[in-house]
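Reading the structure
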Amino acid sequence: RKTHPERCGREQRSYCIRHCKADLERRMAASPEKDIFAVHCRRGCFELVTPVYRNGRRVLTVFAGLLDPREKSHVRSIAKLLPVFAAGLEAKAHEKALINRNNTESCQEKVMEFIEKPYFEDISTADAAKAVSLSVSRLCHILKGNSLGTFSQLLTAERIYHAKQFLAYSDS
């Protein structure tokens, strides 16, 4: 959050942020159905705040201020636009998350295809990361984040699968 020393007072900045934040958190928790809150501080500053929820959980808080409460038409206009703006931000973030999820699923498929081809060779996480155009750390994060385990676990599972197939269908 940005503060305005000329209006808030630099010496009271930490107090004001703690006080306003605590008050706002309490009010938003008490009224989660509200789409906009007005925050007034003891120095006469005023701002509008819109919480954004996804699946019943607050994921974002949008602030508009510092406003002059005497400019009522300006404040009313912002009060009408802020929830719409916040909802647009949330929709865009949700869209971005879906795109990232699709990219993650695509990445997983590419890694599995990479492992299937040279499963019998000595390959490393770095080789797989290079094959799917990711850093090693990002690849590990994606695999672990989707409960696929580590790259080594995936490679071992693939090797065990092929060993079982070989034993089942070989002439012994």
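See above for the structure.
Read on for an overview of the structure.

**Things to note about the pairing of strand S2 (residues 46-54)**
The side chains of a regular strand alternate, first on one face of the sheet and then on the other. For S2, a buried count of seven out of nine residues is recorded, marking the element as mostly surrounded by other parts of the structure. Across four bridges, strand S1 (residues 37-40) lies against S2 in antiparallel orientation. Across the sheet, His-40 pairs through a bridge with Phe-46, a residue of S2. Taken together, the nine bridges between S2 and strand S3 (residues 57-67) define a ladder with antiparallel strand orientation. Directly across from Val-52, in S3, lies its bridge partner Leu-60.

**Structural notes on the pattern of salt bridges**
Applying the stated criterion across every chain, the model contains three salt bridges. The partner of Asp-23 in a salt bridge is Arg-26, with the nearest N and O atoms 2.4 Å apart. In this pair, Asp-23 and Arg-26 are both assigned in helix H2 (residues 13-30), three residues apart and thus about one turn of the helix distant. Between Asp-23 and Arg-27 there is a salt bridge whose closest N-O contact spans 3.8 Å. Of the two residues, Asp-23 and Arg-27 both sit in helix H2, four residues apart, roughly one turn of that helix. Via salt bridges that share partners, Asp-23, Arg-26 and Arg-27 belong to a single interconnected network.

The rules behind each value
- Residues numbered from 1 in each chain as written.
- Predicted model: local features only at pLDDT ≥ 70, side-chain atom pairs only at ≥ 80, totals over all residues.
- Heavy atoms only, no water.
- Buried < 20%, exposed > 50% of the residue type's maximum accessible area, 1.4 Å probe, protein only.
- Helix = DSSP H or I, 4+ residues; strand = E, 2+ residues; numbered from the N terminus.
- Pairing = 2+ DSSP bridges.
- Salt bridge = Lys/Arg side-chain N within 4 Å of Asp/Glu carboxyl O.

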